[in-house]
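Observations on the three-dimensional arrangement
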Amino acid sequence: MAKTNRIKIDDILQGKKTDKIVNIRGWIYRTRSSGNIVFTIIRDSSGTIQTTIKKDNLSDKEFEDAKKALIESSLEIQGTVKKDMRAPGGYELQASKVKIISFAEPFPIVKDQSPEFLLDQRHLWIRSQKLTSIMKIRSTIVGAIHRFFRDKGYYEFDAPVLQPNQCEGGSTLFEVKYYDNKTYLSQSWQLYAEAAVFSLEKIYNMGPTFRAEKSKTSRHLSEFWMAEMEVAWMDLYAITEIAKEEVKFILKEVLKHNKKDLEILGQDISKLEKISKAKFPTITYTEALKILEGKENMDIKWGKDLRTLEEDKLMKHFETPVVVTNYPLKIMAFYKPSDPIDSETALCFDMIAPEGYGEIVGGSQRSLNVDEMTNRLKEMGEKIENYDWYFDLRRYGSIPHSGYGLGVERVVMWICGLDNIKDSIPFPRTILRYKP
Ligand code: 4AD
Ligand code: MG
């Protein structure tokens, strides 16, 4: 079939090809035949189009092939574009040539299958309209993060994935045999980033991150992507403002490039537009407890972390993401410093998304006090000599610095309005699943 004039389905749906002869290629999304006519919906990466294949317009072999091709067969079609208000998308293709590239076997995925079955068939299920739209939005989000930091003059900096240390607590480490030793899969890029701010000052990265999360939740993956930044000379309050700006930029980019995908996912576009222009409030942990006490009748002991339940109740009182600072020092990672004004709390923050999507960003100013950090690590039973290299960073020209990490899947989940984080990544890894 002539290569000329081969277009994407979306080019047809844009309305500029009416009455023209075009070639498309893709896969059969739905098909049924009735006598001398086959009604097929074809999909490619850009969309779907209704197609009628009539015996009269084709050779016998072409028509018989089209009739017997099952869904997910790949094909190339030439046809005339017709405006048809009854067709989804408003256009129909009337086929004049059909070439089946590969006849598919009966597709294992049919309607109303269980989430577990669909996860087993993930390699095929990622062809679904829903996952296709999510993956397109995810691609926009990842692109937006790179643009956001590069436009501000940040360098992309890469840290090792195999690391000798913990960063966020030993209980979620994945151990890896390393010749005659052992290492861990990266829990965070941060500690290495803290070494690099001495040469680059403003850095960011996005990379795979691993946590052996032992509980089954709808918000935790064992392998996820974190977008982190680390910056010299800045304090906690400066980076919370950058995090707010980043999240709004991500939203604006998705609204600019993925309206169709948000519609497919049934998301409220005007709500997201409003959030992208709103001011995100900053409150302290102690203020959050007051809201929970006063408005939700919850009695939470000062010093306890906010769990999913508390975060969700808190967010009933906000329409935008909220930054919560100054969590109790005792429950924080070893590198978070105490606040000189309120020494029981840490100079740290989480950003919590509205509508029960939970923590999307976590970060802090970094402690410059080697003795304090040593004591915290000892309490956790860590081998101090493994952190000697990290403490060197406080010995040779130490400077104030801060950074944060944004959970890419958490942001995808929130913007796409997903029930479970598993659909925010093509091949999810959880405590119960590492296949396919
Ligand atoms: O709050 P966390 O643990 O922060 C850090 O790792 C810091 N070292 C980052 C930094 O300061 N450079 O993780 C950051 C974000 C969380 O806010 C959450 O969005 C996401 O990573 N996250 C997860 N996402 C999916 N599955 C998990 N198991 C996650 N754990 C954290
Ligand atoms: Mg956190």
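Residues numbered from 1 in each chain as written. Chains lettered and ligands numbered in written order. Predicted model: local features only at pLDDT ≥ 70, side-chain atom pairs only at ≥ 80, totals over all residues. Heavy atoms only, no water.

Remarks on the site of ligand 1
To keep things clear, this is the line we draw: Nearness here has a simple test: a residue counts as near a molecule or strand if at least one of its heavy atoms is within 4 Å of that partner. Distance and chemistry together define a polar contact, namely a pair of N or O atoms within 3.5 Å, with one atom able to donate a hydrogen and the other to accept it when in protein, and with adjacent residues in sequence counting only for side-chain atoms on both sides. A 1.4 Å probe and the Shrake-Rupley method give the accessible areas. Residues count as covered only by the protein chains that appear here. Elements are defined by DSSP. Helices are runs of H or I of four residues or more, strands are runs of E of two residues or more, and each kind is numbered from the N terminus. Three residue categories are used. Nonpolar comprises Ala, Val, Leu, Ile, Met, Phe, Trp, Tyr, Cys and Pro, charged comprises Asp, Glu, Lys and Arg, and polar comprises the others, including Gly.
The environment of ligand 1 is formed by 25 residues, the closest being Glu168, Gln190, Arg211, Glu228 and Glu359. Separating a nitrogen atom of ligand 1 from a side-chain N or O atom of Gln190 is a distance of 2.7 Å. Measuring from an oxygen atom of ligand 1, one finds a side-chain N or O atom of Arg211 at 2.8 Å. Its free accessible area being 630 Å², ligand 1 has 95% of it covered by the protein chains. Secondary-structure elements contributing two or more residues to the shell around ligand 1 are strand E11 (223-232), strand E17 (358-365) and strand E18 (401-407). Grouping the amino acids of the shell around ligand 1 by side-chain chemistry returns nine nonpolar, eight polar and eight charged.

So, the packing of helix H7 (residues 236-257) against helix H14 (residues 408-416)
Helix packing for two helices is described by the angle between their axes and how far apart those axes are. Defined as follows: Think of each axis as a best-fit line through the C-alpha atoms, taken over the contacting stretch in the case of a helix, with angles from 0 to 180 degrees between the N-to-C directions. For classification, angles of less than 35 degrees are called roughly parallel, those exceeding 145 degrees roughly antiparallel, those between 65 and 115 degrees roughly perpendicular, and all remaining angles oblique. The crossing is said to be left-handed when, going from far helix to near helix, the turn is anticlockwise and less than a right angle, and right-handed when the turn is clockwise. Note on contacts: a residue pair qualifies if any of its non-hydrogen atoms lie within 4.5 Å across the two residues.
Contact pair H7 / H14: the axes reach a minimum separation of 12 Å and the direction vectors enclose 50 degrees. Taken together, the axis directions place H7 and H14 in an arrangement best described as oblique. Seen along the crossing, H7 lies across H14 with a hand that is right-handed. Of the residues in H14, those touching H7 at Val247, Ile250, Leu251 and Val254 are Val411, Trp414 and Ile415. Its residues assigned to classes, the contact of H7 with H14 comprises seven nonpolar, no polar and no charged.

Considerations on the sheet that holds strand E9 (residues 181-185)
The cut-off we apply is this: Following DSSP output, two strands are said to pair if at least two bridges run between them.
Pairing is antiparallel in the open sheet, where three strands are placed in the order E7-E9-E8. Each of the sheet's edge strands pairs with one partner strand only, and the pair in question is strand E7 (162-163) and strand E8 (175-178). The pairing of E7 with E9 spans two bridges and is classified as antiparallel. Opposite Leu162, over in E9, you have Leu185 as the bridge partner.

Some details on the packing of aromatic side chains
Selection rule: Only centres within 6.5 Å qualify two rings of Phe, Tyr or Trp (six-membered ring in Trp) as a pair; their planes then separate them into stacked at under 30 degrees, edge-to-face at over 60, and tilted for everything else. Relative accessibility under 20% of the residue-type maximum defines a buried residue, over 50% an exposed one, and the middle range a partly exposed one, all with a 1.4 Å probe and only protein chains included.
A complete count under the given rule lists 15 aromatic pairs for this structure. For the ring pair Tyr285 and Trp302, a centre distance of 5.5 Å and an interplane angle of 85 degrees mean the geometry is edge-to-face. Here Tyr285, found in helix H10 (residues 285-296), pairs with Trp302, found in the loop between H10 and helix H11 (308-315); they are 17 residues apart in sequence, far enough to count as distant. Here Tyr285 falls in the buried class, since its relative accessible area comes to 0%.

Remarks on the sheet that holds strand E4 (residues 74-83)
The strand order E1-E2-E3-E5-E4 describes a closed barrel built from five strands, whose pairing is mixed. Here the strands of the sheet are splayed against their neighbours by 50 degrees on average, with no regard to which way each runs. Across seven bridges, the pairing between strand E1 (residues 21-34) and strand E2 (residues 37-44) is antiparallel. Residue Ile28 lies in a different strand from E2, and its bridge partner there is Ile42. Against the sheet, helix H2 (residues 60-68) contacts E1, E2, strand E3 (47-54) and strand E5 (91-102), and its axis sits at roughly 90 degrees relative to E5.

Re the side chain of Glu92
Rules: Asp and Glu count as negative and Lys and Arg as positive, but His and the ends of the chain are not part of the count. By definition, a salt bridge exists where a carboxyl oxygen of Asp or Glu is found within 4 Å of a side-chain nitrogen of Lys or Arg.
Inspection of the secondary structure assignment puts Glu92 in strand E5. Although buried, Glu92 forms no salt bridge, and the nearest oppositely charged side chain, Arg86, lies 5.9 Å from it. Of the polar contacts made by the side chain of Glu92, one reaches the side chain of Thr52; its length is 3.5 Å. A distance of 3.5 Å separates polar atoms of two side chains, one belonging to Glu92 and the other to Gln94. With residues near it in sequence (within four places) discarded, Glu92 still touches Ile49, Gln50, Thr52, Thr80, Val81, Lys82 and Asp84.

Brief notes about a nonpolar patch on the surface
What counts is decided by this rule: For patches, a residue must show more than 30% relative accessible area and have no salt bridge; joins then use 9 Å for like charges and 5 Å for nonpolar side chains, namely Val, Leu, Ile, Met, Phe, Trp and Tyr.
Nonpolar side chains collect at one region of the surface, where Leu162, Tyr178 and Tyr179 lie side by side and expose about 340 Å² of accessible area between them. If you trace the backbone, Leu162 turns up in strand E7.

Description of the side chain of Asp65
You can see Asp65 is positioned in helix H2. On the basis of relative accessible area, Asp65 is assigned to the buried category, the value being 13%. A distance of 2.7 Å separates polar atoms of two side chains, one belonging to Asp65 and the other to Lys61. Residue contacts for Asp65: discarding those within four places in its chain leaves Ile100 and Phe103.

What about empty space enclosed by the protein?
Applied cut-off: Lining residues are those with an atom within 4 Å of a point, where the points come from a 1 Å grid over the protein atoms alone and group into cavities, where a 1.4 Å probe fits but cannot get out, or pockets, open sets with protein on both sides within 12 Å along at least five of seven lines. Grid points are joined across faces, edges and corners, and a volume is the space filled by probe spheres set on the points.
Evaluated as defined, the whole model comprises one cavity of 30 Å³ or more. Counted as a void, the largest cavity has a volume near 30 Å³. Surrounding the largest cavity, Arg122, Ile126, Leu131, Ile134, Met135, Asp423, Ile425 and Pro426 form its lining. At three residues, helix H5 (residues 129-151) tops the list of elements feeding residues into the lining of the largest cavity.

Remarks on the pattern of salt bridges
Taken as a whole and judged by the stated rule, the model has 32 salt bridges. Here Asp44 makes a salt bridge to Lys8, at a shortest N to O gap of 3.9 Å. Of this pair, Asp44 sits in strand E2 while Lys8 sits in the segment before helix H1 (9-13), placing them 36 residues apart in sequence. Residue Lys8 is classed as partly exposed on the basis of its relative accessible area, which comes to 39%. The salt bridge partner of Glu72 is Arg43, with a shortest N-O separation of 2.7 Å. Linking Glu72 in the loop between H2 and E4 with Arg43 in strand E2, this pair joins segments that are 29 residues apart in sequence. Across this residue pair, the class does not change: Glu72 and Arg43 are buried. Several salt bridges share partner residues, and in doing so they unite Arg147, Asp151, Glu253 and Lys256 into one network.

Observations regarding the layout of surface pockets
The volume enclosed by the largest pocket comes to roughly 1200 Å³. For the largest pocket, the lining is made up of 45 residues, of which Glu168, Arg211, Glu213, His220 and Glu359 are closest to its centre. Taken together, the residues of the lining of the largest pocket break down into 18 nonpolar, 13 polar and 14 charged. The space that makes up the second largest pocket amounts to roughly 580 Å³. For the lining of the second largest pocket, the elements supplying multiple residues, two or more each, are E1, helix H4 (122-125) and H5.

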